[in-house]
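Take a look at the letters that make up each chain.
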Amino acid sequence: MEPLRGGGLVSLSPKALKELKDNSSDTPAAFGLRWAASRDNVVTVLSGMSNLEQVKENIQTFIDFKPMSEQENKLALNIAKIIQSQGEINCTACKYCLEVRPRGINIPAIFALYNQYKVTNNKMLFKIYYESLADSEKADKCIKCNLCNKNCPQALEIPKLLAKIEQEYNKIKP
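Let me sum up the structure you'll find in this document. (Residues numbered from 1 in each chain as written. Predicted model: local features only at pLDDT ≥ 70, side-chain atom pairs only at ≥ 80, totals over all residues. Heavy atoms only, no water.)

### A word on the nonpolar core
Then step 1. In this structure, Ile110, Phe111, Ile158 and Leu162 are the most contacted members of the largest nonpolar core, which totals 24 residues.
Then step 2. Looking at this core, the elements that each hand over two or more residues are α5 (107–120), α6 (123–132) and α8 (158–172).
Then step 3. In this structure, Ile110 is in contact with Ile105, Tyr130, Leu133, Glu137, Lys138, Ala139, Leu162 and Ile165, ignoring residues within four places of it in sequence.
Then step 4. Formed by ten residues, the second largest nonpolar core is a distinct cluster that contains Leu75, Ala76, Ile79 and Ile82. (Core = buried A, V, L, I, M, F, W, Y, C linked by side-chain atoms within 4.5 Å. Buried < 20%, exposed > 50% of the residue type's maximum accessible area, 1.4 Å probe, protein only. Helix = DSSP H or I, 4+ residues; strand = E, 2+ residues; numbered from the N terminus. Contact = heavy atoms within 4.5 Å.)

Structure follows, in structure tokens:
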């Protein structure tokens, strides 16, 4: 389930996308689906799709399915290392954390802003977008109750990550 990490593996950073394009003819979606389906003991790959184009691409990927080669598995590992080196938070924006947040913090939006900032290193854009959130939605409103952690399928330590993002923001703001 979630072979494309909630769409995160389709929207690769420029560096990760270049690595894929330089070494594969697959789209990011097809590459991710093939990787998931090539794992031992995987019987079914469940992929959320938002439009007819995505449905067609997923079907095409499996019509003439080719398991990942050893070289492609190494490429997948290289792409994963690129993503991890950029300091991104592995949030899939499933929004399960929002079901239990007592303070109204917009956790997925904050994580998405932070991930975009880490990929682009555009401090001004991060600052502007973060400041556009309602005050009640910002990371500094976290009371560290850890209720959100229990709902997170990615096992993220959300309060710690929010504190890290708030520290990063405080370094940027005037």
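Once you've had a look at it, read on.
### Quick notes on a nonpolar patch on the surface
Then step 1. Side chains of Met124, Leu125, Ile128 and Tyr129 sit close together on the surface and give an oily, nonpolar patch of about 390 Å² of accessible area.
Then step 2. Relative accessible area serves as the criterion here: at 46%, Ile128 is assigned to the partly exposed category. (Patch = residues over 30% accessible without salt bridge, like charges linked within 9 Å, V, L, I, M, F, W, Y side chains within 5 Å. Areas by Shrake-Rupley, 256 points an atom, 1.4 Å probe, with all protein chains shown as cover. Salt bridge = Lys/Arg side-chain N within 4 Å of Asp/Glu carboxyl O.)

### Overview of the environment of Ala76
Then step 1. Residue placement: Ala76 occurs in helix α4 (residues 70–85).
Then step 2. Exposure remark for Ala76: the relative accessible area of 15% places this residue in the buried category.
Then step 3. In the structure, Ala76 is positioned 57 residues away from Glu19 in sequence and 9.5 Å away in space, judged by C-alpha atoms.

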